[in-house]
Amino acid sequence: MDNMQPIPNQSETTPFPEGEALKNQIQWRHRQGLAWRLLFIAALLIAISSLIALLYNILNDSFGYVVVINKVDPQRLALDVVEEQILNTANTVSSEDDFELANGIANDSNGIGFFGIAYYQENNETLKLLAVDGVMPNAETAASGEYPFTRPLYLYTADAVLQNNQAANIFLNYLLNNVNSEIETVGYFPATSAAYAAAQQRWLSANPGLGLQSGQWVSIEPDGMAGTIRVVGSSTVFPLTQHMLEQYQEAGFAGNFGNESVGSSAGLAAFCSGQADFAASSRPIQSGEIEACRNNGRFPLEFQIGTDALAIVVNNQNSALNEVSTEQLQQIFTTATTWNEVNEAWPAQAIQRYIPGADSGTLDFFAEAVYQTSLASLPKDDLVRLLATNISTGRGRALEREQRFYESALVFEDPATWNEVCAAPAGERPSGCIAEPRTQEEVYDLLLAEVIQPDVVKVYNLQNSLLNRTAIATEAAALYPNGEITFRSWLSADFITDPQSSTPEFAGVRTAIFGSLWVIFITILFSFPIGVGAAIYLEEYAADNRLNRILQTNINNLAGVPSIIYGMLGLAIFVRVLEQLTSGAIFGAVESTASANGRTIISAGLTLGLLILPLIIINAQEALRAVPNSLRQAGLALGATQWQTIWYHVLPSALPGILTGTILAVSRAIGETAPLVVVGASTFITVDPSGPFSKFTTLPIQIYQWTSRPQAEFRNIAAAAIIVLLAMLLSLNASAIILRNRYSTRSI
Amino acid sequence: MKPNTSFSNGSVAVEAKEMQVYYGSFRAVKDIALKIPTKHITALIGPSGCGKSTVLRSFNRMNDLVASARVEGQILYHGSNIYDTHVDPVEIRRRIGMVFQKPNPFSKTIYENVAWGARINGFKGNMDQLVEESLRQAALWDEVKDKLSQSGYSLSGGQQQRLCIARTIAVKPEIILMDEPTSALDPVATLRIEELIQELKKQYTIIIVTHNMQQAARASDYTAFFNMDGDRAGYLVEFDNTNELFTNPKNELTEQYITGRFG
Ligand SMILES: Nc1ncnc2c1ncn2[C@@H]1O[C@H](COP(=O)(O)OP(=O)(O)O)[C@@H](O)[C@H]1O
Ligand SMILES: [Mg+2]
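These notes cover the structure that comes with them. (Residues numbered from 1 in each chain as written. Chains lettered and ligands numbered in written order. Predicted model: local features only at pLDDT ≥ 70, side-chain atom pairs only at ≥ 80, totals over all residues. Heavy atoms only, no water.)

1. A few points about the interface of chain A and chain B
It is common to report an interface's size as the accessible area lost on association of the parts. Facing 17 residues of chain A, the contacting portion of chain B comprises 24 residues. Of the roughly 1700 Å² buried between chain A and chain B on both sides combined, carbon and sulfur atoms contribute 67%. Taken together, the connections running from chain A to chain B amount to zero salt bridges. The tally of links between chain A and chain B comes to three residue pairs in polar contact (both at pLDDT 80 or more). Of all the secondary structure elements, the ones that give two or more residues to the side of chain A that touches chain B are α27 (629-637) and α28 (642-671) of chain A. For the side of chain A that touches chain B, the residue count by class is eight nonpolar, nine polar and no charged. (Contact = heavy atoms within 4.5 Å. Buried area = accessible area lost by both parts, 1.4 Å probe. Salt bridge = Lys/Arg side-chain N within 4 Å of Asp/Glu carboxyl O. Polar contact = N/O pair within 3.5 Å; in protein donor to acceptor, adjacent residues only side chain to side chain. Helix = DSSP H or I, 4+ residues; strand = E, 2+ residues; numbered from the N terminus. Nonpolar A, V, L, I, M, F, W, Y, C, P; charged D, E, K, R; others polar.)

Written as structure tokens, this is what we have:
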């Protein structure tokens, strides 16, 4: 600009600004343009950021950590099944006393069994230790975890005990000071240093009176300490606690102690009911046990005091066996009768099993480590049996009438009653009489809902879950020690394929998706042909007279009427007046089980159809108006009738525009809630719609209902349902757009 | 002075009698009396807005598309008035085709552009042959024979206009109306269309509106000169053999117009 030659004024009295004034004037105009541009950018930013905020909100609620408390531990149920199998295998001796087991194997050349490695060390002249999967248990393989059956040994106590029983408190301090140097003499291995430090820290927290910082440690001399200490529990831990208690006495403890080997479960039960100061356990405490403890005012504290490498032993006369694999162990303790069934090289003699009893943590550990079952993978028979032992017969009968478990056998109901019930006329017969029997998966789901009853007690949003993972873990552990923390995607395959449920954990949107699809199908079927037809009449045929102008104005106004009013219209016309038609009664299509009156899919579809009809008409008119008149003239000038001209030339040209308008209108209908509430969408429905005369619910209705529930988890599934709704909208739109583009390229 | 409205030899293809055309209450043309000679080219000339297009559209009832338009008087075609109530405009347009100022092919293939009119009018013969023949007559065949399945819009403006002509002659009309068919085209394309029109007059009666006096002088056999009055209603000033009208105009206005002194 600056190096431009000044344009000489042609006349002194030009009516335009010149020179400096021209420059200023142009600059001013540029500035105006810039201001507008900034304004538009700001508008765009506002639009984008509100969309992002919306999306963020939805995603934030759809994923994140949850704390789940199971009424019954599913792993426990699965282990029960396996343990029952192991215990019921022929030639199996079981005892809570590991000495008995060790003696049994020592006197039986075909004996095999398992227990804490300390018991092997004590009897290593008569017993033979087996390698598992090629690894021998020893301090190294236990510390590295290379030996597959390595497990921690625990001592449980409670704040209340440590505060009230000084003898017990000081014993624990003594134990933590000395266990690492003593443990090898018993035959076990030290805990990891992290577990050891955590145990010390826990003891320090229970003794705030000492005024020690975390990381510091103190060892207290038990000199002259009086009182009584009672330890109950695992036979595996027993030798270790016994040894430590004796050492404690030697170090100056002047009181008494009792130590009983009754099994981990029994020990924990005794401790939780206040009968003991410590529970020794060869497995972690379970959620149900924590619950029982807390109910007695005992908040269990966990101390890992050592590590065991579960020993698999045989009689030392047994020259054939030196090592076993996990698979072989599975056979040895359940299915196999003789050794050579497991391995051809082994003797053809009957296997004699010596195993810990049902109360023992060792059996639990063995079952879990060797059989590695999960509840979901158990066969249907086992699941049905678990269900039968864990629910009342009455409930079982109800479930069986809903859907039976086996084609030809009854589980809960007696055959006579069943035949009587199923002889009833078609309408009153329970669904179980005809429905296919439940599959393994369905029984599993039932077990989950009826027995395990997972309860989400706390949810964290996605942002929190990603940023504050450790804080969440500590908080959850403190608030819900028996809770299980998992990352939950509320949007899952199950969520999409499951029907509605009153428990958010089990609720899905399948019924609502089908409902939405059906309703939209009816909506399009009704509004598209009528809307486009009306638009063609108004645009192509209607004379410009007063009647048509009034019609046009009314249609434009209808587009702005609040949707709830369409709902009231739909209720009055489709549900009430046309009930015979919309309930399907005229066609004999009434579903006997659920009389929907007129509150059916077809009523909803027609109502939404009315709602979007003005939009479709107006959009289609717009599209028709955009078709150049020269096209109509061209057709007519060839001797075409007006209809031929419209059908062959005007409509194809307008179709992309008409479809675009229809897509927008239908998108609106998919998201409508208010009119459907008025028309009478079902609030709770688990049966998929089977046709236009079914009761229904739709995704937005479902979302609306979930958001109005007080429990937090409903907000999460509502958010997940919103994602489903958005995905459905996007895919419907995308397919409509693809269709439209294909059409408009084909007609060239 | 009464304008000359007759020609020496040959028959009349269509005739306007006492014709008035109104748009609402506005009379656009008045008292038109005009006989169009069969298988000749008749040019309609006159200043802009004098009603040439209005008159032309009256001949095949294209004015029906304008809601406010109303035609009084008669247009006689094969002895009957095309504005009689029992006459179907569809049939009239089938016989009297039209080519517009701006090329307006259908958004279909070149082949379909030509075939469609014939098909809807119940053509029973060999369609491929008809399409080829029409395109040949429109002097377009050589240029499009390899791309018949491409869109009509893929052609140049001049080609599009020839396609529109091919489309029109495919339904075998008697008369072809052309409203300034070359005004949107360049000089070369214009010349090609003019040559084409000369060919077409062997088979068809052609009425062409043009504001280009050279074109009228070059390409037409007869010329009708329109003008408008103070009330802006157009009227026919003079009709004659083109040679005669341009060399020896009877009316002073005609002379003024063709010598470029107004218009
Ligand atoms: N559709 C219409 N509605 C109203 N007036 C029109 C319409 N078409 C043409 N006219 C009027 O009729 C007169 C003649 O127009 P037209 O036939 O297009 O003239 P020309 O083709 O000679 O330029 C003009 O005054 C024009 O304004
Ligand atoms: Mg004109």
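2. Here's the deal with the environment of Asp231(B)
All names here are of chain B. Secondary-structure assignment places Asp 231 in the loop between β9 (222-228) and β10 (234-241). Given the relative accessible area of 43%, Asp 231 is considered partly exposed. With 205 residues separating them along the chain, Asp 231 and Phe 26 place their C-alpha atoms 9.3 Å apart. The residues touching Asp 231, leaving out its near neighbours within four places in the chain, are Phe 26, Arg 27 and Lys 30. (Buried < 20%, exposed > 50% of the residue type's maximum accessible area, 1.4 Å probe, protein only.)

3. Concerning the environment of Val575(A)
One can find Val575(A) in helix α24 (residues 563-577). The residues touching Val575(A), leaving out its near neighbours within four places in the chain, are Gly570(A), Thr582(A), Gly598(A), Arg599(A), Ser603(A) and Val679(A).

4. Brief notes about the packing of aromatic side chains
Both the distance between ring centres and the angle between the ring planes are used here to describe each pair of aromatic rings. Summed over the entire model, instances satisfying the criterion amount to 24 aromatic pairs over all chains. Measuring from centroid to centroid gives 4.7 Å for Tyr248(A) and Phe253(A), while their planes differ by 15°, and the two rings are stacked. Members of the aromatic cluster, each reached through a chain of ring pairs, are Phe171(A), Tyr174(A), Tyr248(A), Phe253(A) and Phe278(A). Directly above the ring of Tyr22(B) sits Arg70(B), whose terminal nitrogen or CZ lies 4.4 Å from the centroid. One residue, Arg167(B), lies across the ring of Phe106(B), its end atom 4.7 Å from the ring centre. (Phe/Tyr/Trp six-rings, centres within 6.5 Å; stacked < 30°, edge-to-face > 60°. Lys NZ or Arg CZ within 6 Å of the ring centre and 35° of its normal.)

5. A few points about the sheet that holds strand β1 (residues 63-69) of chain A
All names here are of chain A. The strand order β14-β1-β15 describes an open sheet built from three strands, whose pairing is antiparallel. The strands lining the two open edges of the sheet, one partner per strand, are β14 (455-459) and β15 (484-489). When strand polarity is set aside, the average angle formed by the axes of neighbouring strands in this sheet is 40°. Alignment of β1 against β15, held across six bridges, turns out to be antiparallel. Within β15, the position partnered with Tyr 65 by the bridge is Phe 487. Relative to β1, helix α1 (residues 19-62) is tilted by about 30°, and along the sheet it contacts β1 and β15. (Pairing = 2+ DSSP bridges. Axes fitted to C-alpha atoms, helices over the stretch in contact; angles between N-to-C directions.)

6. A word on the nonpolar core
Residues and elements named next belong to chain A. Phe 149, Ile 312 and Phe 333 are the most contacted members of the largest nonpolar core, which has 93 residues in total. Examining the composition of this core, we find that eleven residues originate from one element, helix α7 (residues 166-186), more than from any other. Looking at this core, you find at least three residues from each of domain 1 (74-92 + 111-117 + 125-134 + 312-375) and domain 2 (150-309). When residues no more than four places from it in sequence are discounted, the contact partners of Phe 149 are Val 132, Asp 308, Ala 309, Leu 310, Ile 312, Leu 329, Phe 365, Ala 369 and Val 370. Membership of the second largest hydrophobic core comes to 45 residues, among which are Ile 513, Tyr 566, Leu 611 and Ile 616. (Core = buried A, V, L, I, M, F, W, Y, C linked by side-chain atoms within 4.5 Å. Domains from an automatic or database assignment.)

7. Focus on the sheet that holds strand β6 (residues 150-158) of chain A
All names here are of chain A. On the basis of which strands lie adjacent, the open sheet formed by five strands has the order β8-β7-β9-β6-β10 and mixed pairing. Each edge of the sheet is formed by a strand with only one pairing partner; in this case those strands are β8 (256-261) and β10 (300-309). Direction aside, neighbouring strands of the sheet carry axes that sit 20° apart on average. Relative to β10, β6 runs antiparallel, the two sharing nine bridges.

8. A short note on the pattern of salt bridges
Evaluation of the coordinates by the stated rule reveals 35 salt bridges over all chains. In this structure, the salt-bridge partner of Asp231(B) is Lys30(B), at a minimum N-O distance of 4.0 Å. Within this pair, whereas Asp231(B) is found in the loop between β9 and β10, its partner Lys30(B) is found in strand β2 (residues 26-37), the two being separated by 201 residues in sequence. For Lys30(B), a relative accessible area of 12% gives the class buried. In this structure, the salt-bridge partner of Arg61(B) is Asp64(B), at a minimum N-O distance of 3.0 Å. Connected through shared salt-bridge partners, Arg76(A), Asp80(A), Glu83(A), Arg283(A), Glu289(A) and Asp364(A) make up one network.

9. As for a nonpolar patch on the surface
Residues and elements named next belong to chain A. There is a patch of nonpolar side chains on the surface, built from Leu 569, Ile 573, Val 577, Leu 578, Leu 581, Ile 586 and Phe 587 and spanning about 620 Å² of accessible area. The biggest single contributor to the nonpolar patch is α24, with three residues. By secondary structure assignment, the location of Leu 581 is in helix α25 (residues 579-582). Under the relative-accessibility criterion, Leu 581 is labelled partly exposed at 40%. (Patch = residues over 30% accessible without salt bridge, like charges linked within 9 Å, V, L, I, M, F, W, Y side chains within 5 Å. Areas by Shrake-Rupley, 256 points an atom, 1.4 Å probe, with all protein chains shown as cover.)

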